[in-house]
Amino acid sequence: MASPSYDKQNPAFFALLAALIFMAIGPIFLMLVNSFKLDVDIISGTSGLLFLPTIQNYETALCDILWYELEHLDYCSLKFGQSFINSLIIALVSTVLTLVIGCMAAYALVRFRFMGRDVASVSTLMVRMVPPAVLLVPVFGLWNNEFCIDKTTMVGEWIRDTFGGRGDVCLAGTYSGIILIYVAMNLPFVIWILQSFIVQVPRQLEEAAKMDGANPFQVFFLVVLPLIKPGLAAAAIFTFRIAWNEYLLASALSDRDTKTVPILIVNNMSEFNVEWGVIMATGMLLAIPPIIFTLLASRQIITGMTAGAVKG
Amino acid sequence: MKTATLNRLTPYIFMAPAALIMIIALLYPLGYMIYGSFRAWDPSQTLSETEFVGLKNYISLLNDPNFHESLAVTLKFAFVVVSIEMVLGVGLALLLDRNIRGMSILRTLFILPMMIAPVVVGLMWRYMYHPTVGTFNRFLKSIGLDGVDWLGQHALMSVIIADIWQWTPFIFILSLAALQSLPSSALEASRIDGATGWQQIWHIKLPLMMPVLIVTCLLRLIDAFKVLEVILVMTEGGPGLSTEILALRISRTATEFRELGTAAAMSNYLLILLMLLTASMFAYTKFQEARAARLAAHAKEDD
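The rules behind these values
- Residues numbered from 1 in each chain as written.
- Chains lettered and ligands numbered in written order.
- Predicted model: local features only at pLDDT ≥ 70, side-chain atom pairs only at ≥ 80, totals over all residues.
- Helix = DSSP H or I, 4+ residues; strand = E, 2+ residues; numbered from the N terminus.
- Rg over C-alpha atoms; globule rule 2.2 N^0.38 Å.
- Buried ≥ 20, exposed ≤ 12 C-beta atoms within 10 Å, placed from the backbone.
- Contact = placed C-beta atoms within 7 Å.
- Nonpolar A, V, L, I, M, F, W, Y, C, P; charged D, E, K, R; others polar.
- pLDDT = per-residue confidence, 0-100.
- Core = buried A, V, L, I, M, F, W, Y, C linked by C-beta atoms within 7 Å.
- Axes fitted to C-alpha atoms, helices over the stretch in contact; angles between N-to-C directions.
- Parallel < 35°, antiparallel > 145°, perpendicular 65-115°, else oblique.
- Left-handed = near helix turned anticlockwise from the far one by under 90°.

1. Describing the overall build of chain B
Phase 1: Per the secondary structure count, chain B includes twelve helices and two strands.
Phase 2: When the helices and strands of chain B are read in sequence order from the N terminus, they spell out α-β-β-α-α-α-α-α-α-α-α-α-α-α.
Phase 3: Computed over its C-alpha atoms, the radius of gyration of chain B comes to 25 Å, more than 25% above the 19 Å expected for a compact globule of 303 residues.
Phase 4: Considered along the principal axes of its C-alpha atoms, chain B spans approximately 85 × 75 × 40 Å.
Phase 5: In chain B, buried positions account for 40% of the 303 residues.

Here is the structure:
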C-alpha cells in the first residue's frame, strides 16, 4: 500500500488538497484562536490573528478546580471543572466495561454454536440503529421511577443514611445510571466490530493452547485478546468518543452533581448573552481528547469505519 | 467430566454479561416505551398508575400539524444532506484516488469533524453564522456585500451546510477505501482496451463500487435521522419550527411538555422508519452475498 514512489505531481491536486484541509480544520482552528482571545477582541473583530493571547478563558472555565485565586474573577459561577471530572469518570468507566463485556460476547458469537446464538446476533444488529432520542423517553421514566430501591428496605435505608437525601434511591442522577445506558448503547457496535477481528484469528492457535491444557478462559484472555489489539483500540476510541461527547441522555439522567461537559456547554449557549471566549475554551477542552486520539490512531479509526460499512 | 460441563457452559458465560445489560437497558426500555405509547403518561408516574388510552397518542399525532412539519423537516434534511454528501464524497474520492504526497494527512484531518463532540460542532458553526461577530457575515461585509441572516430565514440551509461539513469526509473515506480495493485487473484491462478516464469511472469503477456505496448511503441516512445535538446548539429547532427535526421534537415533548405518552408514540414512528431502512440494508447485503455466491458457483462450473 504505502509505496515510497509517488505519482507525477500535479499542482492542481495540491491546490485541491490544500483547500480541503483548510475547510476541514478551518472551523476548529478558528475556535482554538478565539479561545485565547478576550471577548472584547472577539466582538470588535479588528484583531484577526494579531492579538495578545490570554489563558483567562480557560481559567474562568476551570475556576472551581484551580488551586489558585483568579484576579479577573470575583465569583466562580461556571463549574466546568467538576463537570470535566464527571465526564472523565463516566467516559473511562463505560469504555472499559463496554470493551470487556463486548469482546467476550463477540468471541462467543464467532466461535461457538449455542442455543439462542442467532437471536443474540440478529438483535445485536437491530438495536444498533436505535437513536438516543428514542431511548430518552423510556430511560427517563425507568431510571426515575422504576429502577429504584425502596427507601424503607434495608439497603435503601443504608444508602439513604450514608449519602443523604429523602426519596427512594433511584438510578437517575448517579454515575452508574449514565454509565449503564452508555455501555448498553455501545455494546452492539463494539460486538459487531470485534467480531470481524476475531474471525481472523487462526483457529489452530486456539486448538494448540487447548491441547496444552488451557481452559476456555485462558484461551480467550491469553491467546485471542493479544491478537485483536488493533480491533480493541478502534472499538475503545469509538466507545470513548460517544460516551465523552453524548449530550441528550446525560442531560436527562444527570443531576446537579453529575452533569457532564456537553450539558454545561448547551446550557451556557442558550442563555441570552453568550460569553464567546469562555464557551470556545470549554469547547476546545471537550474537543482535545478526540483530537489527540485522531492524530495518534487515525489508521485504527479508519479501519473501524470501513469495517463497519464494507462488512455490513 | 467437569471440563465437559465447563465447555458446554462457556458460550453462555461469555455471552451472559452483554445479554443481561442489553436486555435491562435496551430491550426492556424499548418494550416499556411501546407499552407506554398506549397510555396517558407523564414523567411523575410509574406506568402502572397511568390510564390506558389505546391508539389515541398515535392518532392525535397524525392530526397534529406541528408533527407533520417536523416530519417534513426531518425528511428534507436527511435526503438533501445525504444526496449532497454522496455526490461530494464520491466525487472527491474519484478525483483524489492517486498516490500523491499529503493524502494521509488529508485523511487524518478529515476525520476530525466526525470525532469531536456534536455539541462543539454546533458551537463553532453558531459562532461562524452569528449575524454580527460571525465569520461569514464579517467576510461578506469586508467585500462590500450585505450580511445574510444565516440562522434566521435560512436556518435549515445553514444547518444542512454544517452537516455536510461534518459528514462528507465519512463518505469520502469509505469510497476511497472501496476504490483502492477494486481488482486492478479490471482497470488494467479497460486501459488496454483504450477506455478514457470518464469511461473507466462510469463503466468500471462506479458499478464495482456500488455495493459499498449503497451500504454507505443507507448507514449515513440512518445517522441523518439521529442528528440532534448540532441542531439543538445552533438553532434550538427555530426559528419557529423550521429546523425542528423529529429527534429534537421527541426530546422536547418528553422533557419540556412532559408528555411521555405522545413522545413515545413519536419515537415509535421514527423507529418504524429506521427499521425499514435497516431492513432494506440487510436485504441488500444478503442479496449481494447470494449473487456473489451464484457467480462463484458459475465460475466453478465453467472450469
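2. Some points on the overall build of chain A
Phase 1: Each helix and strand counted, chain A has 14 helices and two strands in total.
Phase 2: A burial count over chain A gives 43% of its 312 residues as buried.
Phase 3: The contacts in chain A between residues at least 6 apart in sequence include a share of 69% that link residues at least 24 apart.

3. Notes on unusual backbone geometry
Residues and elements named next belong to chain B.
Phase 1: You will see that Arg-258, though not glycine, has its phi angle at about 55°, which is positive.
Phase 2: Note that Arg-258 resides in the loop between helix H11 (246–255) and helix H12 (260–302).
Phase 3: A residue is classified by how many C-beta atoms lie within 10 Å of it, and Arg-258, with 13 of them, is partly exposed.

4. As for the interface of chain A and chain B
Phase 1: Listed by partner, the interface residues are 79 residues for chain A and 81 residues for chain B.
Phase 2: Here the element with the most residues in the side of chain A that touches chain B is helix H14 (residues 276–310) of chain A; it accounts for 17 residues.
Phase 3: Its residues assigned to classes, the side of chain A that touches chain B shows 61 nonpolar, 15 polar and three charged.

5. So, the environment of Tyr-58 of chain A
Residues and elements named next belong to chain A.
Phase 1: One can find Tyr-58 in helix H3 (residues 56–61).
Phase 2: For Tyr-58, a count of 20 C-beta atoms within 10 Å gives the class buried.
Phase 3: In sequence terms Tyr-58 and Val-266 are 208 residues apart; their C-alpha atoms lie 17 Å from each other.

6. Points about the confidence of the model for chain B
Residues and elements named next belong to chain B.
Phase 1: Per-residue confidence for chain B gives a mean pLDDT of 86; residues scoring 70 or more make up 98%.
Phase 2: Ranking the elements of chain B by mean pLDDT puts helix H8 (residues 184–192) last with 81 and helix H3 (residues 65–96) first with 92.
Phase 3: Two numbers describe this predicted complex: its pTM, 0.87, and its ipTM, 0.86.

7. Section: H11 of chain B
Phase 1: Across the ten residues that make up H11 of chain B, a large majority, eight, are buried.
Phase 2: Along H11 of chain B, the positions that sit buried rather than exposed are Leu-246, Ala-247, Leu-248, Arg-249, Ile-250, Ser-251, Thr-253 and Ala-254 of chain B.

8. Details of the confidence of the model for chain A
Phase 1: With 86% of its residues at a pLDDT of 70 or more, chain A has an overall mean of 82.
Phase 2: Looking over chain A, one finds the lowest element-wise mean pLDDT in helix H7 (residues 154–163) of chain A, namely 65, and the highest in helix H4 (residues 80–111) of chain A, namely 91.

9. As for the environment of Leu-232 of chain A
Residue and element names in this part refer to chain A.
Phase 1: Topologically, Leu-232 is positioned in helix H11 (residues 229–245).
Phase 2: You can call Leu-232 partly exposed: it has 19 C-beta atoms within 10 Å.
Phase 3: Placed 162 residues apart in sequence, Leu-232 and Leu-70 show a C-alpha to C-alpha distance of 42 Å.
Phase 4: Setting aside its immediate chain neighbours within four residues, Leu-232 contacts Leu-99 and Cys-103.

10. A short note on the nonpolar core
Inside soluble globular proteins, nonpolar side chains tend to come together where they are buried.
Phase 1: Counting 165 residues, the largest nonpolar core has Ala-105, Leu-136, Ile-181, Ala-184 and Leu-194 of chain A together with Ala-18 and Ile-250 of chain B as the members making the most contacts within it.
Phase 2: Of the residues forming this core, the biggest block, 17 residues, is contributed by helix H8 (residues 175–198) of chain A.
Phase 3: Ignoring anything within four residues of it in the chain, the contact list for Ala-184 of chain A reads Ile-21, Met-22, Ala-25 and Leu-26 of chain B.

11. A look at the packing of helix H1 (residues 11–35) of chain A against helix H4 (residues 103–115) of chain B
Phase 1: In the contact formed by H1 of chain A and H4 of chain B, the axes pass within 9 Å of each other and the chain directions differ by 30°. Between H1 of chain A and H4 of chain B, the interaxial angle falls into the category roughly parallel. Where H1 of chain A crosses over H4 of chain B, the two elements pack in a sense that is left-handed. Contacts from Leu-17, Leu-20, Ile-21, Ala-24, Ile-25 and Ile-28 of chain A of H1 of chain A reach H4 of chain B at Ile-105, Leu-106, Leu-109, Phe-110, Leu-112 and Pro-113 of chain B.
Phase 2: Class assignment of the residues belonging to the contact of H1 of chain A with H4 of chain B gives a composition of twelve nonpolar, no polar and no charged.

12. Description of the packing of H3 of chain B against helix H9 (residues 197–224) of chain B
All names here are of chain B.
Phase 1: Between H3 and H9, whose axes approach to 10 Å, the crossing angle comes to 145°. The two elements H3 and H9 cross, and the hand of that crossing is right-handed. Counting all contacts with H3, which are made through Phe-77, Ala-78, Val-81, Val-82, Glu-85, Met-86, Val-90 and Leu-94, the residues of H9 involved are Ile-201, Lys-205, Leu-213, Cys-217, Arg-220, Leu-221 and Ala-224.
Phase 2: For the contact of H3 with H9, the per-class residue count stands at twelve nonpolar, no polar and three charged.

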